Amino acid sequence: MKIGFTGTVSVGKTTLVKALQELPEFKDYIFATERSKYLRDLGIPLNTDSTLKGQTVFLAERCSELIAKNVITDRTIIDVISFTLNASSIEQPGKLAFEHYASRFIEEYDWIFYVSPAGVGIEDNNVRTTDAVYRSQIDQTIKHLCSCHLDKIKNFGIISGSTEDRLKQIKSYLSL
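Residues numbered from 1 in each chain as written. Predicted model: local features only at pLDDT ≥ 70, side-chain atom pairs only at ≥ 80, totals over all residues. Heavy atoms only, no water.

Caption draft 1: View of the state of the cysteines. Taken as a whole, this structure holds zero disulfides when the rule is applied. Looking at the unpaired Cys148, the closest cysteine sulfur is the one in Cys146, lying at 9.6 Å. (Disulfide = S-S within 2.5 Å.)

Caption draft 2: Highlighting the sheet that holds strand β1 (residues 2–6). Here we have five strands laid out as an open sheet, ordered β2-β3-β1-β4-β5, and parallel in their pairing. The open sheet has two edge strands, β2 (30–32) and β5 (156–159), and neither has a second partner. Sheet twist, expressed as the average angle between the axes of neighbouring strands with direction ignored, equals 15 degrees. Here β2 runs beside strand β3 (residues 71–73); their pairing, made up of three bridges, is parallel. Paired with Ile30 across the bridge in β3 is Val71. Along the sheet face, helix α6 (residues 132–148) touches β1, β4 (111–115) and β5 and points at about 150 degrees away from the line of β4. (Pairing = 2+ DSSP bridges. Helix = DSSP H or I, 4+ residues; strand = E, 2+ residues; numbered from the N terminus. Axes fitted to C-alpha atoms, helices over the stretch in contact; angles between N-to-C directions. Contact = heavy atoms within 4.5 Å.)

Caption draft 3: Seen up close, the nonpolar core. Judged by nonpolar contacts, the single largest core of 24 residues is most densely connected at Ile77, Ile78, Ile81 and Ile106. Counting residues per element, the ones that place at least two in this core are α3 (52–65), α4 (77–85), α5 (92–102), β4 and α6. In this structure, Ile106 is in contact with Ile77, Ile78, Ile81, Ile112, His149, Lys152 and Ile153, ignoring residues within four places of it in sequence. Grouped together as the second largest cluster of nonpolar side chains are 19 residues, Phe5, Val17, Ile72 and Phe113 included. (Core = buried A, V, L, I, M, F, W, Y, C linked by side-chain atoms within 4.5 Å. Buried < 20%, exposed > 50% of the residue type's maximum accessible area, 1.4 Å probe, protein only.)

If you want it as structure tokens, here you go:
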């Protein structure tokens, strides 16, 4: 099963994936966590400075995860599209073409979980932005994309609360 978490910056997606990695129910899964620091260190601009070339690299990473039979990832194609649409350095035609192309891969996830930022503060990891306005923009864009592309999403869940609460919600959605 291919399980992806979507949500704005600093909502605990990576923490959640690492917690799932400890559970016996997911022992046969590959776990993919964000590689922003690695990609930034390669010279790929992040956040509002991202370029179409940079977002294409992020898209290729997300697509490569979807090759695995059982994968849990802390980012989805939806996240990549959201960051592309909010990049100030990408022209509107390029943004729309990217969304049109990238959205074709959304249907490959068996489950997409939206991780709510409600009650979660922004943590500075020296990679992602700590701009609260930008965080809100990304969140709104992700929610909009989930709504617009709902026909491509096989199964969709919304999770919130503490990591323990989220784990319970995921297990419930997955009937585990």
